[in-house]
Amino acid sequence: MDSLTQVVLGSAVGYAVLGNKIGHKAVLWGAALGTLPDLDVFLPYGGHVESFTYHRGFSHSFFIHLLISPLIVWLILKIHTGMQTYKMRWFWLVFLCLSTHALLDSFTVYGTQLMWPFTEHPFALSNMFIIDPLYTLPLLLGVVCTLFPKVSSHTAYKINSIALGISSLYLCSSLILKVIIDGKAQTALSAQNIAVDRYISTPAPLTTLLWRFVAMSDGQYYEGYASVFDKPSEVTLHAYNTTPALLNDIKNEWGVKRLQWFTKGFYSVHEQQNNVVLSDLRMGMECQYVFNFKVGEINSNGVSVASFEKFSQRPSFNDIDKIWDRIWQPSNSLIKNTCDN
């Protein structure tokens, strides 16, 4: 999730654990700890593929959180002397702020290695977009109430707890909506006799009322959109070609294998200006994928391995009104038939 959401989640969790004992300190430490796991982006992993696939790795592992929490508590108590009485609560504040960060990240589509080092599997429920105001705003309002001096600690604690409950209910509702959307999408695919090898669905930007799905099918992939208000017959989808044969000459390269694994098979391969480009189909939309890698160079001898340079074609939030219109009107399609080069 985005940095603001992780900060306010950490603050809210911190205050829920220890706010009625130490006040604003719980909010500040919660904010810091809610940010800590994402500092792995500053580590020099050695390459674009490494940075892409190692992010949300060890720093997001429940096991690492469990091991490092006593050390962080020791440091905190060195700063705040005289709080030994709350040592166990400090442990839970630290561990829960770190682990809820990782857990929330696992609700997005990117992939979070919650069980590292025992497995590098990138867990991803893909029921939340990376930015969702309806999840963040209750947490933000709850945390802001804890900072007002005229609000009693009892009232602030109660408001913060209610805000955590509301945001958690919203998370649960997104899981229910995902099941509903998947049912509509599967019906739409079956109605067109499309045999699906892999399928994934994710919320559209800033909402859980509209969802995007990708279905991989025998040399093609389908991108579709479904609103919670759509009938299965109103689900929109379009087929696109991919050319995985372009990877034949470099299929044993570590970077290629790593990207295929991390994307869980949801990738496309195409030629672009004599480069072989592998695009992660899970994040973005057709013609505007967030993660693209130049994995090969086409020459007279075939395809040779490239630098694995990463480049982004992020969707523009200037078109957010089109997403809103598509929620209510299936005729307002977001599908792109061709890309502008």
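Structure: see above.
Residues numbered from 1 in each chain as written. Predicted model: local features only at pLDDT ≥ 70, side-chain atom pairs only at ≥ 80, totals over all residues. Heavy atoms only, no water.

Asks: Would you take a moment to explain a nonpolar patch on the surface for this structure?
Replies: A surface patch of nonpolar side chains, amounting to about 400 Å² of accessible area, comprises Leu 36, Leu 39, Val 41 and Phe 42. The topology assignment puts Leu 39 in the loop between helix 2 (24-35) and helix 3 (48-54). (Patch = residues over 30% accessible without salt bridge, like charges linked within 9 Å, V, L, I, M, F, W, Y side chains within 5 Å. Areas by Shrake-Rupley, 256 points an atom, 1.4 Å probe, with all protein chains shown as cover. Salt bridge = Lys/Arg side-chain N within 4 Å of Asp/Glu carboxyl O. Helix = DSSP H or I, 4+ residues; strand = E, 2+ residues; numbered from the N terminus.)

Asks: Is there a simple way to think about the sheet that holds strand 3 (residues 220-227) in this case?
Replies: Strand pairing in a sheet is mediated by backbone hydrogen bonds. Such pairs are either parallel or antiparallel. Pairing in this open sheet of 4 strands is antiparallel, and the strands run 1-2-3-4 from one edge to the other. The strands lining the two open edges of the sheet, one partner per strand, are strand 1 (198-203) and strand 4 (236-241). Taken over all neighbouring pairs, the strand axes of this sheet differ in orientation by 20° on average, direction set aside. For strand 2 (residues 210-217) and strand 3, the ladder comprises 8 bridges, and the chain directions are antiparallel. Looking at the pairing, Val 214 lines up with Glu 223 of strand 3. (Pairing = 2+ DSSP bridges. Axes fitted to C-alpha atoms, helices over the stretch in contact; angles between N-to-C directions.)

Asks: I tried to follow the side chain of Arg 56 on my own but got confused; where do I start?
Replies: Turning to its location among the elements, Arg 56 is positioned in the loop between helix 3 and helix 4 (62-79). Exposure remark for Arg 56: the relative accessible area of 5% places this residue in the buried category. Within the structure, Arg 56 has its side chain in polar contact with the backbone oxygen of Asp 105 (distance 3.1 Å). Once you skip the residues sitting within four places of it in the chain, Arg 56 turns out to touch Met 1, Asp 40, Asp 105, Thr 108, Tyr 110, Gly 111, Thr 112 and Gln 113. (Buried < 20%, exposed > 50% of the residue type's maximum accessible area, 1.4 Å probe, protein only. Polar contact = N/O pair within 3.5 Å; in protein donor to acceptor, adjacent residues only side chain to side chain. Contact = heavy atoms within 4.5 Å.)

Asks: Can you help me understand the packing of helix 1 (residues 3-22) against helix 7 (residues 153-191) in this one?
Replies: Helix-helix packing is described using two parameters, namely the angle between the two axes and the distance between the axes. Running from N to C, helix 1 and helix 7 cross one another at 135°; their axes reach a closest spacing of 10 Å. Looking at the two axes, helix 1 sits oblique to helix 7. As helix 1 packs across helix 7, the resulting crossing turns out to be left-handed. Only Ser 153, Ala 156, Tyr 157, Asn 160 and Leu 164 of helix 7 make contact with helix 1, whose side of the interface consists of Leu 9, Ala 12, Val 13, Tyr 15, Ala 16 and Asn 20. (Parallel < 35°, antiparallel > 145°, perpendicular 65-115°, else oblique. Left-handed = near helix turned anticlockwise from the far one by under 90°.)

Asks: What am I meant to see in the sheet that holds strand 9 (residues 292-299) here?
Replies: Within the open sheet, the 4 strands sit side by side as 5-6-9-10. Their pairing is antiparallel. The sheet is open, and its two borders are formed by strand 5 (267-272) and strand 10 (302-311), each paired with just one other strand. Taking the axes of each pair of neighbouring strands and ignoring which way they run, one obtains an average angle of 25° across the sheet. Relative to strand 9, strand 6 (residues 275-280) is paired through 5 bridges, and the arrangement is antiparallel. Of the residues in strand 9, the one forming a bridge with Val 277 is Lys 294.

Asks: Is there a simple way to explain the nonpolar core in this structure?
Replies: Soluble globular proteins: nonpolar side chains tend toward being buried together. Phe 52, Leu 247, Leu 259 and Val 295 are the most contacted members of the largest nonpolar core, which totals 37 residues. Discounting chain neighbours no more than four positions away, the residues touching Val 295 are Leu 247, Ile 250, Val 256, Leu 259, Val 276, Leu 278, Ser 304, Val 305, Ala 306 and Phe 308. Grouped together as the second largest cluster of nonpolar side chains are 34 residues, Val 8, Val 27, Phe 107 and Leu 164 included. (Core = buried A, V, L, I, M, F, W, Y, C linked by side-chain atoms within 4.5 Å.)

Asks: Please explain the packing of aromatic side chains as it appears in this structure.
Replies: The description of two aromatic rings rests on the distance between their centres and on the angle between their planes. Going through the model one piece at a time under the given rule, you end up with 19 aromatic pairs. Here the aromatic rings of Tyr 15 and Tyr 157 are separated by 6.3 Å at their centres, their planes lie at 45°, and the arrangement is tilted. Within this pair, whereas Tyr 15 is found in helix 1, its partner Tyr 157 is found in helix 7, the two being separated by 142 residues in sequence. When the centroid spacing of 6.2 Å and the interplanar angle of 0° are considered together, the rings of Phe 91 and Phe 95 count as stacked. Taken together, the positions of Phe 91 and Phe 95, both in helix 5 (residues 87-105) and 4 residues apart, correspond to about one turn of that helix. Phe 95 carries the same exposure label as Phe 91, and that label is buried. Connected via pairs of aromatic rings, a cluster forms that spans Phe 52, Tyr 110, Trp 261, Phe 262, Phe 291 and Phe 293. When the ring centre of Phe 311 is taken as origin, the NZ or CZ atom of Lys 294, which lies over that ring, is 5.6 Å away. (Phe/Tyr/Trp six-rings, centres within 6.5 Å; stacked < 30°, edge-to-face > 60°. Lys NZ or Arg CZ within 6 Å of the ring centre and 35° of its normal.)

Asks: So what exactly am I meant to see when it comes to the packing of helix 4 against helix 5 here?
Replies: Following both chains from N to C, one finds helix 4 and helix 5 inclined at 140°, their axes separated by 9 Å at the closest point. Taken as axis vectors, helix 4 and helix 5 run oblique relative to one another. The hand of the helix 4/helix 5 crossing is right-handed. Contacts from Phe 62, His 65, Leu 66, Ile 68, Ser 69, Pro 70, Ile 72, Val 73, Ile 76 and Leu 77 of helix 4 reach helix 5 at Lys 87, Trp 90, Phe 91, Val 94, Phe 95, Leu 98, Ser 99, Ala 102 and Leu 103. Each residue belonging to the contact of helix 4 with helix 5 can be placed in one class, and the counts come to 15 nonpolar, 3 polar and 1 charged. (Nonpolar A, V, L, I, M, F, W, Y, C, P; charged D, E, K, R; others polar.)

Asks: Is there a simple way to explain the pairing of strand 3 in this structure?
Replies: Two faces, one strand: in a regular strand the side chains alternate between the faces of the sheet. A large share of strand 3 lies buried, amounting to 7 of its 8 residues. Adjacent in sequence and paired antiparallel, strand 2 and strand 3 are bridged by 2 residues, among which Asp 218 carries a positive phi angle near 45°. Both strand 3 and strand 4 contribute to a ladder of 6 bridges, which runs antiparallel. Residue pairing for strand 4: Tyr 221 is matched across the bridge by Tyr 240.

Asks: Teacher, can you tell me more about the pattern of salt bridges here?
Replies: A side chain of one charge can pair with a side chain of the opposite charge if their charged atoms are brought near each other. According to the stated counting rule, one finds 6 salt bridges in the structure shown. Asp 105 is the salt-bridge partner of Arg 56, the closest N and O atoms lying 3.6 Å from each other. On the criterion of sequence distance, the pair formed by Arg 56 in the loop between helix 3 and helix 4 and Asp 105 in helix 5 is long-range, its members being 49 residues apart. With respect to class, Arg 56 is no different from Asp 105; both count as buried. A salt bridge links Arg 258 to Glu 120; the shortest N-O distance between them is 3.2 Å.

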